[in-house]
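# Topology and contacts: notes
What follows is the residue order along each chain.
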Amino acid sequence: MLQKVFSICLFVLFISCTGDQSDTGLLQKDRKALVESLDSQKVLSYKFAKICLRATATEDTISEEFQDLKHRMHNVSQKIAQFNKNQQLSIMDYISIYKEYRAMSSFIEATDEDVFPTTVEALERILAIRDTTATFSPLLKGNQKIKAQNMEHAVLSALVILSKDLGKEISLYECAKTTPEALPDGELKSLLHFFRGFLFFEKKLYYLSEDEITQNINWLEQHPTVALPFAKSFFKWQTLNNQQTYTAYHSLQYLFRGFDRLMMDRDVDEQRALNDFEIFLQDSKKLGLENEIIWSIETYLYLKNEEHEKAIAALSKLNSSPLLSKSEKESISETITYLKDRDTEALLNGVYDKYFLSKIAVKYMYNLLSQVDWKRLLKEHDVPYTDEIFELLYNFQQIATQLEKQLNGESLKETGKLLKDQGSKLWEKSKELIGS
């Protein structure tokens, strides 16, 4: 009896330590990790700038706390809107913004920015203040607002991902704010799923990423003749016809779901990954494609099947790619040496492992993203206020960067010295602002 009780206790302890290892349990674990990853100073600074801007267009009371802070938000939004690349904010402006941030930080942290009107609606009203003859539409409500702000978050997540100062962290925040299920089924919703899947993959949230991509695969396979003009433009597939574009986009879904599954820990996930890679290669061969991703996947599958000569041929093509660094090319040369010695197992667990493979995928995707002319693409598809959105992002970037410097103390000494040099009255005023 004692032995039976001891066995049960060991089983319970094992379960509590490992957690729920089902697909659903691991997906929930990723959702929690996503929320935790967004709890950062950079995200809060960026969210502060956006809420101040969006709050300028609200016609609702929101809350008593908001009413108390409304004038502060108006001050910040005026500064966000007033400067551009040719007219920077002054040191005193940044100190004033820092003061408002400190007064509002708890409200900003606890508030969902989507309770306010959309960013475009706020821009409309700011532009109307500049031009007294301008008019603007009534504020969006209900499903129309949900759809509009989802598209805004999606567009912003794409625009900031390659930004030096905002980058992946803010892109992930904007991506997490999207709710694809609130959008109608179609190509734009599918592209949003794919982009979210890619960002979640890079954040190592593999089960979240897999869920996004799987929804895409299901939709695509239910609509085998769907036209994909946005995907054709985005991925520069202008030479492909509709069916070829579908095949290329279909192959990408299986490729990235394969990477998700390859990076997971369970044996069943690896087998699922290999099946996905096979479908990716089948699609790619239909199109006659040759690129770094294809050579990488071919190598992995050839290694798994111990087809050494084919693996060497694929690796030799990969080794000529300009996407790879010098050290990565050295690793490939080392891989070819291993192959000639027939030491396949060492490759799959060392030199040419799943981490090396995933790095190739991320480099390939960022290379695609970096070639997109985002401003032209948005204008081609009639996204309103495209120029203003780019200017606004620049302003957000400047303010978020300066706030981060102020909060970590990096610029306090530098600012103090500059202010003292400019005059004692200015220095005293800055101390008064910071201390108040």
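Calculation notes
- Residues numbered from 1 in each chain as written.
- Predicted model: local features only at pLDDT ≥ 70, side-chain atom pairs only at ≥ 80, totals over all residues.
- Heavy atoms only, no water.
- Helix = DSSP H or I, 4+ residues; strand = E, 2+ residues; numbered from the N terminus.
- Contact = heavy atoms within 4.5 Å.
- Areas by Shrake-Rupley, 256 points an atom, 1.4 Å probe, with all protein chains shown as cover.
- Expected span 1.5 Å × (residues − 1).
- Buried < 20%, exposed > 50% of the residue type's maximum accessible area, 1.4 Å probe, protein only.
- Phe/Tyr/Trp six-rings, centres within 6.5 Å; stacked < 30°, edge-to-face > 60°.
- Core = buried A, V, L, I, M, F, W, Y, C linked by side-chain atoms within 4.5 Å.
- Salt bridge = Lys/Arg side-chain N within 4 Å of Asp/Glu carboxyl O.
- Axes fitted to C-alpha atoms, helices over the stretch in contact; angles between N-to-C directions.
- Parallel < 35°, antiparallel > 145°, perpendicular 65-115°, else oblique.
- Left-handed = near helix turned anticlockwise from the far one by under 90°.
- Nonpolar A, V, L, I, M, F, W, Y, C, P; charged D, E, K, R; others polar.
- Polar contact = N/O pair within 3.5 Å; in protein donor to acceptor, adjacent residues only side chain to side chain.
- Lys, Arg positive; Asp, Glu negative; His and termini not counted.
- pLDDT = per-residue confidence, 0-100.

Assigned secondary structure in the chain consists of 22 helices and zero strands. For the chain, the share of sequence-separated contacts (at least 6 apart) that also reach a separation of at least 24 residues comes to 71%. Of the roughly 21900 Å² of accessible surface on the chain, a fraction of 52% belongs to carbon and sulfur atoms.

The end-to-end C-alpha separation of helix α7 (residues 142–160) is 27 Å, in line with the 27 Å expected for 19 residues at 1.5 Å each. Those residues of α7 not exposed but buried are Lys145, Gln149, Asn150, Glu152, His153, Ala154, Val155, Leu156, Ser157, Ala158, Leu159 and Val160.

A few words now on the packing of aromatic side chains. Counted under the stated rule, the structure contains 18 aromatic pairs. Consider the rings of Tyr46 and Tyr173, whose centres lie 6.1 Å apart with planes at 80°: the pair is edge-to-face. Within this pair, whereas Tyr46 is found in helix α3 (residues 41–55), its partner Tyr173 is found in helix α8 (residues 167–177), the two being separated by 127 residues in sequence. Of the residues examined, Tyr173 reaches a relative accessible area of 6% and is grouped as buried. Aromatic side chains Phe234 and Phe235 sit 4.8 Å apart centroid to centroid with 80° between the ring planes, which places their arrangement in the edge-to-face category. Residue class for Phe234 comes out buried when judged on its relative accessible area of 13%. Accessibility expressed as a relative area gives 4% for Phe235, which makes it buried.

With that settled, the discussion passes to the nonpolar core. Residues Phe235 and Ile297 are the most contacted members of the largest nonpolar core, which totals 106 residues. Among the nonpolar cores identified, the runner-up in size contains 13 residues, and Ala311, Leu315, Leu339 and Ile360 belong to it.

This part is about the pattern of salt bridges. Counting across every chain of the model gives 27 salt bridges. Between Lys189 and Asp185 there is a salt bridge whose closest N-O contact spans 2.9 Å. Residue Lys189 is classed as buried on the basis of its relative accessible area of 13%. You can call Asp185 exposed: its relative accessible area is 60%. Here Lys310 ties to Glu307 by a salt bridge, and the two come within 3.2 Å at their closest N and O atoms. Residue Lys310 is classed as partly exposed on the basis of its relative accessible area, which comes to 45%. Through salt bridges with shared partners, a single network forms among Lys50, Arg54, Asp112, Glu113, Asp114, Glu174 and Lys177.

With that settled, the discussion passes to the packing of α3 against α7. Orientation of α3 relative to α7, taken along the N-to-C sense of each, is 140°, at an axis distance of 15 Å. Considered as vectors, α3 and α7 are oriented oblique to each other. The chirality of how α3 crosses α7 is right-handed. Contacts from Tyr46, Lys50 and Arg54 of α3 reach α7 at Lys145, Gln149, His153 and Leu156. Residue composition of the contact of α3 with α7, grouped by class: two nonpolar, two polar and three charged.

If you check the backbone angles, Lys204 has positive phi at about 65° while not being a glycine. In this fold, Lys204 is placed in the loop between α9 (187–202) and α10 (206–222). We classify Lys204 as exposed; its relative accessible area is 58%. One non-glycine residue, Lys236, lies in positive phi territory at about 60°. Within the secondary structure layout, Lys236 lies in the loop between α11 (229–234) and α12 (242–262). Judged by relative accessible area, Lys236 falls into the partly exposed class, the value being 45%.

Between the first and last C-alpha of α12 there are 30 Å, a value that for 21 residues agrees with the 30 Å anticipated at 1.5 Å per step. α12 sits mainly inside the fold: 18 of its 21 residues count as buried. The opening residue of α12 is Asn241, an N-cap whose side-chain oxygen sits 3.1 Å from the backbone nitrogen of Gln243.

Here we come to the side chain of Glu124. Mapped onto the secondary structure, Glu124 falls in helix α6 (residues 119–130). With near-sequence residues (within four places) excluded, Glu124 lies in contact with Phe136, Ser137 and Tyr385.

A separate point is the side chain of Lys47. Relative to the helices and strands, Lys47 is located in helix α3. For the buried Lys47, which has no salt bridge, the nearest side chain bearing the opposite charge is Asp112, at an N-O separation of 6.5 Å. Apart from residues no more than four positions distant in its own chain, Lys47 is found in contact with Ile108, Glu109, Thr111 and Tyr173.

What follows deals with the confidence of the model for the chain. Predicted coordinates in areas of low pLDDT are best not read in detail. Overall, the prediction assigns the chain a mean pLDDT of 80, with 82% of residues at 70 or greater. Least confident of the elements in the chain is helix α1 (residues 2–18), whose mean pLDDT is 45; most confident is α10, at 96. Contacts of residues 5–17 to residues separated by more than four positions or lying in other chains number zero contacts, the stretch itself having pLDDT below 50.

Quick look at the packing of α3 against helix α5 (residues 91–110) now. Running from N to C, α3 and α5 point in directions that differ by 95°, and their axes come no closer than 10 Å. When the axes of α3 and α5 are compared, the pair comes out roughly perpendicular. Of α5, the residues touching α3 (which contributes Gln41, Leu44, Ser45, Lys47, Phe48, Ile51 and Cys52) are Ile97, Glu100, Tyr101, Met104, Ser105, Ile108 and Glu109.

Tracing the sequence through the fold places Thr111 in the loop between α5 and α6. You can call Thr111 buried: its relative accessible area is 11%. Thr111 sits 60 residues away from Ile51 along the chain, and the two C-alpha atoms are 8.8 Å apart. Other than its neighbours up to four places away in sequence, Thr111 contacts Lys47, Ile51 and Phe116.

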